[in-house]
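Residue strings, one per chain:
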Amino acid sequence: MNLSFDNSITAKVVKAIAEFDLINDGDKIAVGLSGGKDSTFLLLILKLFNQHFKNDFILEAVHVDPGFDDSTALELKKITAALDLKIKIIKTNISDYIAAKEEDNPCSKCAHFRKGAIINYLKDNNFNKLAFGHHLDDAVETYLMSIFYSGQLKPLQAKRYLSKNKIEIIRPLIYLREDIIEEEIENKDITVLKSSCPYDGRTIRSETRKEFNKFFEDDLLFSNLVSAMREKNNRELWPAEMDKQILTKKMKNYWEKG
């Protein structure tokens, strides 16, 4: 399989790895592989780095099969075999749970179960890192959603340590735009596997993404959103909310004449 990439692409991924200290000597890294463009691209570029980095690290793929019809497991095995990599297919009955609950949007619970299944496997097999294929568009999208839906400033982090499980989640593609990944996958003539989940494309995130497209297509506006995710000295936010009792007392004082 062709593992050559333009220098501008590898430079951005290596920049993220270096800046956020994502890959170290002796790491045992599992790539969460769905068969979609992002996770497939991540597996390809990490395989390239695995061959050429000075740091010696173990690389494998892991996939959670939720139990829906038309499992992608066979195709994923072909992809990893072409890269001479191991893959673990974790079979679950998540689909049965979703069908029994009959929820309109079970995606968050499904993601929670899938992540739990992966983490348990990683802990049992001495992996210390789990790599996801989130890119720069995902990071900005998450940042905006955190503002709109929770009133918080929480961008997607390139690295997050799960202290309870002693597993580090890493996102090496965090500096790459989504269209670059799409173009590379298309150029390499790689078939992107479609999710067998009946709820695919019906999530709040999917709907919100459509609304964000007009912002993401404007390069200057997108660049400003990326800049807004950085810690910097020129940020001027409102002060923390005042204690309710103190504020109520101050408000009453405005109505009391001397």
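About the cut-offs
- Residues numbered from 1 in each chain as written.
- Predicted model: local features only at pLDDT ≥ 70, side-chain atom pairs only at ≥ 80, totals over all residues.
- Heavy atoms only, no water.
- Buried < 20%, exposed > 50% of the residue type's maximum accessible area, 1.4 Å probe, protein only.
- Helix = DSSP H or I, 4+ residues; strand = E, 2+ residues; numbered from the N terminus.
- Pairing = 2+ DSSP bridges.
- Axes fitted to C-alpha atoms, helices over the stretch in contact; angles between N-to-C directions.
- Parallel < 35°, antiparallel > 145°, perpendicular 65-115°, else oblique.
- Contact = heavy atoms within 4.5 Å.
- Nonpolar A, V, L, I, M, F, W, Y, C, P; charged D, E, K, R; others polar.
- Core = buried A, V, L, I, M, F, W, Y, C linked by side-chain atoms within 4.5 Å.

You'll find the protein entered in an unreviewed UniProt entry as tRNA(Ile)-lysidine synthase TilS/MesJ, with Halanaerobium congolense given as the organism.

Draft legend 1. Summary view of the pairing of strand 6 (residues 167–170). Where burial is concerned, the two faces of strand 6 agree: the one with Ile167 and Ile169 and the one with Glu168 and Ile170 are both buried. With 4 bridges joining them, strand 5 (residues 159–162) and strand 6 adopt antiparallel strand pairing. What sits directly across from Leu162, in strand 6, is Ile167. Counting the residues in the hairpin turn of strand 5 and strand 6 gives 4 residues, including Lys166, whose phi is positive at 60°.

Draft legend 2. Main features of the packing of helix 1 (residues 7–19) against helix 2 (residues 37–52). Put simply, helix 1 and helix 2 touch, their axes get as near as 12 Å, and they point 80° apart. Considered as vectors, helix 1 and helix 2 are oriented roughly perpendicular to each other. Along its contact with helix 1, which presents Ile9, Thr10, Val13, Val14 and Ile17, the element helix 2 presents Phe41, Ile45, Leu48 and Phe49. When grouped by side-chain class, the residues that make up the contact of helix 1 with helix 2 number 8 nonpolar, 1 polar and no charged.

Draft legend 3. Structural context of the nonpolar core. Of all hydrophobic cores here, the largest spans 49 residues; its most connected members are Ile23, Phe41, Leu43, Ile45, Leu46, Phe49 and Leu173. Examining the composition of this core, we find that 8 residues originate from one element, helix 2, more than from any other. Look past the residues within four positions of Leu46 in its chain and what remains in contact with it is Ile23, Val31, Phe57, Leu59, Ala131 and Pro172. Val62, Tyr121, Leu162 and Ile167 belong to the second-largest nonpolar core, a separate cluster that totals 15 residues.

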